[in-house]
Amino acid sequence: MVLKSILATDCGSTTTKAVLIEHVSGEYRLTYRGEAPTTVEAPFEDVTRGVLNAVMEVEELSGRKIIDNDKIISPASETSGVDIYISTSSAGGGLQMMVAGVVKSMSGESAERAALGAGSIVMDIIASNDGRLPHEKIKRIRELRPDMILLSGGIDGGTISHVVELAEILAAANPQPRLGQDYKLPVIYAGNNKAQADIRETLGEMVDLDIVENIRPVLERENLEPSRDKIHDLFMEHVMQQAPGYKKLMSWTDAPIMPTPGAVGSLIEMIAEKEDITVVGVDIGGATTDIFSVFQGKFNRTVSANLGMSYSICNVLAESGLDNVLRWVPFDIDRRELTNRIGNKMIRPTTVPQSLEELFIEQSIAREALRLSFKQHKEFAVGLKGVQKERTISDAFDQTTSGESLVNMMDLDLLVGSGGVLSHAPRRQQSAKMLIDSFMPEGITQLAVDSIFMMPQLGVLAHVDKKEFGEEARKAALEVFHKDCLIRLGTCITPVGRSKAGDVVMTAELEMPDGDKIEQQLVKDQIIKIDAPYEPISAFLKPAKNMDIGAGAGEEVKTDIYGGTVGIIFDCRDRPINIPSDPEKRLESLRSWSSALNEYPKE
Amino acid sequence: MAHAYTPGLKVLHYSNVKKDRTLPIKGQVNKKKGDLVNANDVVAKTDLPGNVSMVKVANLLNIAPSDISDILMVKEGDSVNKGDMIAQTDGLFGLFKSDVRAPVSGTIESVSDVTGQIVMREAPIPVEVDAYVGGVVSEVIENEGVTISSEAAYVQGIFGIGGESRGVLEVITNERGDELLIDSINESHTGKIIVGGSFISLEAFKKAIDLNVEGIVIGGFNYFDLEDVLGYTLGVAITGTEDLVTSLIVTEGYGNIKMSERTFDLLKNHNGDFVSVNGATQIRAGVIRPEIIIPLDKKKIPEDKNQTEGILGIQQGSLVRIIRAPYFGKIGEVLDLPSELQKMESETMVRVANVQINDETFIVPRSNLEMLETY
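Remember, predicted model here, so these are calculated numbers, not experimental data. (Residues numbered from 1 in each chain as written. Chains lettered and ligands numbered in written order. Predicted model: local features only at pLDDT ≥ 70, side-chain atom pairs only at ≥ 80, totals over all residues.)

(A) Region of the structure containing the overall build of chain B. Scanning chain B for helices and strands turns up 5 helices and 33 strands. Considering only C-alpha atoms, chain B reaches an extent of 100 × 55 × 45 Å along its principal axes. When burial is assessed residue by residue, chain B has 43% of its 375 residues classed as buried. Within chain B, contacts between residues separated by at least 24 positions form 65% of all contacts whose residues are at least 6 apart in sequence. (Helix = DSSP H or I, 4+ residues; strand = E, 2+ residues; numbered from the N terminus. Buried ≥ 20, exposed ≤ 12 C-beta atoms within 10 Å, placed from the backbone. Contact = placed C-beta atoms within 7 Å.)

(B) Quick peek at the overall build of chain A. Broken down by element type, chain A carries 19 helices and 26 strands. Its C-alpha atoms give chain A a radius of gyration of 25 Å, near enough to 25 Å, the size a compact globule of 603 residues would have. Structurally, chain A occupies a C-alpha span of about 70 × 65 × 50 Å along its principal axes. For chain A, the proportion of contacts with a sequence separation of at least 24, taken over those separated by at least 6, is 69%. (Rg over C-alpha atoms; globule rule 2.2 N^0.38 Å.)

(C) Examining the environment of A:L151 more closely. Residues and elements named next belong to chain A. Along the chain, the position of L151 falls in strand β9 (residues 148-151). Between the C-alpha atom of L151 and that of E165, which follows or precedes it by 14 residues, the distance is 11 Å. Residues in contact with L151, not counting those within four places in the same chain, are A100, L166, A167, L170, V187, I188, Y189 and G191.

(D) Representation of the domain arrangement of chain A in the model. Structurally, chain A comprises domain 1 (5-82), domain 2 (92-243), domain 3 (254-490 + 592-603) and domain 4 (495-572). The gap between the C-alpha centroids of domain 2 of chain A and domain 4 of chain A is 49 Å. (Domains from an automatic or database assignment.)

(E) The interface of chain B and chain A, seen in detail. On the chain A side, the residues contacting the 44 residues of chain B number 42 residues. Of all the elements, strand β6 (residues 52-55) of chain B adds the most residues to the side of chain B that touches chain A, at 3 residues. Looking at the side of chain B that touches chain A, its residues break down into 24 nonpolar, 15 polar and 5 charged. (Nonpolar A, V, L, I, M, F, W, Y, C, P; charged D, E, K, R; others polar.)

(F) A look at the sheet that holds strand β23 (residues 536-543) of chain A. All names here are of chain A. Taken in spatial order, the 4 strands of this open sheet run β21-β20-β23-β25, and their pairing is antiparallel. Each edge of the sheet is formed by a strand with only one pairing partner; in this case those strands are β21 (517-523) and β25 (557-562). Between one strand axis and the next, the sheet turns through 25° on average, direction left out of account. (Pairing = 2+ DSSP bridges. Axes fitted to C-alpha atoms, helices over the stretch in contact; angles between N-to-C directions.)

(G) Structural view of the pairing of strand β13 (residues 279-284) of chain A. All names here are of chain A. Most of β13 is tucked away, with 6 of its 6 residues classed as buried. In this sheet, strand β14 (residues 289-295) lies alongside β13 in antiparallel orientation, the contact comprising 6 bridges. Among the inter-strand pairings, V282 is bridged to a residue of β14, identified as I291. From the end of β13 to the start of β14, which pair antiparallel, there are 4 residues.

(H) Molecular detail of the nonpolar core. Judged by nonpolar contacts, the single largest core of 264 residues is most densely connected at A:L267 and A:L461. B:I323, B:F328, B:A353 and B:V355 belong to the second largest nonpolar core, which has 14 residues in total. (Core = buried A, V, L, I, M, F, W, Y, C linked by C-beta atoms within 7 Å.)

(I) Spotlight on the environment of A:D465. Residues and elements named next belong to chain A. With respect to the element layout, D465 can be found in the loop between α17 (455-461) and α18 (470-485). Separated by 410 residues in the primary sequence, D465 and V55 place their C-alpha atoms 24 Å from one another. Beyond its immediate sequence surroundings of up to four residues, D465 is in contact with A255 and G470.

(J) Molecular detail of unusual backbone geometry. Residue and element names in this part refer to chain A. With an omega dihedral of 0°, the bond running from S74 to P75 counts as a cis peptide bond. Residue D525 is not a glycine yet carries a positive backbone phi of 70°. Residue position: D525 is located in the loop between β21 and β22 (527-530).

(K) The arrangement of the domain arrangement of chain B in detail. Domain annotation for chain B reports domain 1 (3-16 + 151-300), domain 2 (52-121) and domain 3 (313-374). Computed over C-alpha atoms only, the centres of domain 2 of chain B and domain 3 of chain B are separated by 70 Å.

(L) Quick peek at the packing of helix α4 (residues 161-173) of chain A against helix α5 (residues 196-203) of chain A. All names here are of chain A. Direction vectors running N to C along α4 and α5 enclose 15°, while the axes themselves pass 9 Å from each other. Viewed along their axes, α4 and α5 adopt a mutual orientation that is roughly parallel. When the axes of α4 and α5 are compared, the crossing they make is right-handed. Note on element contacts: α5 touches α4 through D198, I199, T202 and L203, opposite V164, A167, E168, L170 and A171. Within the contact of α4 with α5, the residues separate by chemical class into 6 nonpolar, 1 polar and 2 charged. (Parallel < 35°, antiparallel > 145°, perpendicular 65-115°, else oblique. Left-handed = near helix turned anticlockwise from the far one by under 90°.)

(M) Up close: the environment of A:D411. Mapped onto the elements of the fold, A:D411 is located in the loop between α14 (399-402) and β16 (414-418). When the C-alpha positions of A:D411 and A:T278 are compared, they lie 7.0 Å apart, and in sequence the two are 133 residues distant.

(N) A look at the sheet that holds strand β7 (residues 95-101) of chain A. Residues and elements named next belong to chain A. On the basis of which strands lie adjacent, the open sheet formed by 5 strands has the order β8-β7-β9-β10-β11 and parallel pairing. The outermost strands of the open sheet, each flanked by one partner alone, are β8 (120-127) and β11 (208-211). Going from strand to strand, the sheet's axes swing by 20° on average, the running direction of each strand aside.

(O) Representation of the pairing of β9(A) in the model. Residues and elements named next belong to chain A. By the alternation rule, side chains of β9 split into M148 and L150 and I149 and L151, which are all buried. Pairing geometry for β7 and β9, over 4 bridges, is parallel. Opposite M97, over in β9, you have M148 as the bridge partner. Pairing analysis gives 3 bridges linking β9 to strand β10 (residues 186-189), with the strands arranged parallel. Across the sheet, the residue bridging to I149 is V187, located in β10.

(P) Structural context of helix α3 (residues 134-144) of chain A. Turning to α3(A), its buried residues number three or more, namely A:P134, A:K137, A:I138 and A:I141. The buried residues of α3(A) all sit within an arc of 100° when viewed along its axis, so they share a single face. Among the exposed residues of α3(A), those oriented more than 90 degrees off its buried face are A:E136 and A:E143. Looking at the buried side of α3(A), the elements it contacts are β7, β8 and α4 of chain A together with β6 of chain B. One or two residues past the end of α3(A) sits A:R145, with phi positive at roughly 50°. (Arc of directions from axis to C-beta.)

(Q) Summary view of the confidence of the model for chain A. When pLDDT is averaged along chain A, the result is 89; 95% of the residues meet or exceed 70. Within chain A, the element-level pLDDT minimum falls on α14(A), averaging 46, and the maximum on helix α16 (residues 428-439) of chain A, averaging 98. (pLDDT = per-residue confidence, 0-100.)

(R) Focus on the confidence of the model for chain B. Residue and element names in this part refer to chain B. In this model, chain B carries an average pLDDT of 89, and 94% of its residues clear a pLDDT of 70 or more. Confidence drops under pLDDT 50 across residues 1-6; counting only partners more than four residues distant or on other chains, this segment forms 22 contacts. Interface confidence in the predicted complex, given as ipTM, is 0.84; pTM for the same model is 0.85.

As structure tokens, this is what we get:
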């Protein structure tokens, strides 16, 4: 069944965004969008108000009548209504969870992965071996007031006392939910199945306990799905019920409301699977930076809770250090003056860079925020230990450091950026350059930005499971993702290996869509941009003897690559990028790289 | 007329300030509706559950957890004093007995034969909530607290550190552009809320702390220096829980910035009045700005109590402050609000306002303007 029109909203903490997707000339396209302030807080305290306001903007623009008597008209006719209405939400601070596991780097980490994957913010990880004394843990749990808790620990059939001990700590703390005083806090138990009865006895009366399959039934395998699904269910049943107006909103939607990052994650997971590619997605916001990745078929999400471009901009400075920010700034500035300027952005987060200098500073900080968030992501997105090798006790307890990161930049096919600083950069070249400088892709990598951050809405659309239109909804999500959601910036090509200044690191022969042939010789530390549309371009890439472009050192690659609004970017800088420490040389390098991409207006 | 939503800081000669004063958990409310209260009056109190100690009895006595009930000398609900024996083994032929003693005074909350540990809870911790600001109890929230209404002058700062303080207000500098110098702070300011002009140095702030000054209201402070005061780099603007003797309320921003004329004049008008201040700041959804509340003497309450709080946006003629470089800190009047997007030097396309400052017109993105709400 063709869906004539689809309405999707995303209720963010400050803005509610609505998009209308319509079936036009045989394909699904984004046709109109509108937005309005979110109305979760006083004086409205009803999320549906903001939703209706955003939809009204869509109505005005499209001329299609969607609302009647404060309700969404469904199904669609020629001139009114929609066939499906869906929504995501991160209003009121999103979903905030605490997770607990016996061993921090094992069940604790698995629980964290499940919670993050479901789209939540993980406030803390309580573990038997986290170095805190029981009373410190209890104090912390009392202070936190999460929306829900995920408790795990022990392999199936293993020792039960450790996980029960954790439950006793929880019971002693008697945690209270964040919203509403009159309901019990939801707790999911996903640990050793042998301990279920004891857990029920310890916690059953005090909290709203749900028991699901063990998150780590054996050391070698994670089983995140049951926990993730249960988190989504409880998010709908409990958390959303407490948020103002959500009961009404839930009665309007054709699919469960998903936490915004959970929806983005599921879309990225689906794209990676359907197209058999590896993907990294990033959403850099004012307060947090979310990173999603799919490598080796495994999905991972991390939230860098205090790395953002406004509310937590000073934390980027604190974590990266002033020198790391300054290395990207292409002019000299007094350090005290710079920190005051950044501090002022934190306390007045809605301001925009008016001068070019301010833009330089903001984009320099963005590079560091992205770099640090990605570093955290790489450390978290690791394989489970002991899977294909003999496990010893020592590495069984030290998963993070010895588990190898799944993130391999040479394997990365698509890098997608979103969030104000990337999506709204005055020039797309700036978005591409920020992505390259901070993620440092290797080999051949496509770059894109989600210009209006539609991924959350498309994520829920891809998850509509009503029989009559589930399959069509997924088709619509994919079509819109490719045609309207992503702005293709182009492809970054980076040979990696050892080379000296002045060395030719690669030659490239390109056959452009119009038949033109371009041959390019590339020298170490050089950036070259070739204008090219988002169409297949036949490329023959010959790296130098020690350089690797994806097929091994010195191995040639013949493939189709794609341009985009920026084009094909040959980035022959080292990995990691080497910025000269000498102030004059540094400025010279920054200016030369920048001008190769036509990144900023001429001063 | 063109109109744009712009957040602004309040600088109000008169406002009916309402403050919820509630307990962290349910308890007892001491005041009833209509009661007059002073800032220091206790309005509600409760007992927080005591701290918890977990005693690993089975581990300490080297027995199986399931055997714990055999050797326990107490049961759930019993009260024990620190040092009391709570478990003892039979020993060998009645000799070589081992025991476990209570590490704290409290009650036995639970005993587990799975983990072999007992949970002890100490005596409840009393918590009191005071009125914070003088006024009248306008509402009682049963078992939770009260709402205090206060007819007051009300000023918001942009950023603060330190929690609630109170004291007599003393304006120290003559001009709003004067720096609050270290030498101008002395013993007579102990227990007071002092007001300076454009800037206070780290050294001067430290001296105020040494002299137990209750609070400082100032135009600007260096972001760089916060680390020295707090002991850590402030990464996220969520403050108020710092353990500081002297609360700091910055009215304009980081750097050396003249205090706005209206703020400075208002505070000067109330020199010598008793005020309540709170440095708590939260710059996220549900914004909290630091505040200065000056309960008004009946004589000072204006007859016309119109408040400006209903105004949500800037319009032609609005008084605004520019809050980002390159014109940071300048105050001017909005000439007009053109509807078309305009390209800035950074090439950002934005909606702008034409702002007149000292007979000169500046084009400024609307989102870089802050409305001065005054009355």
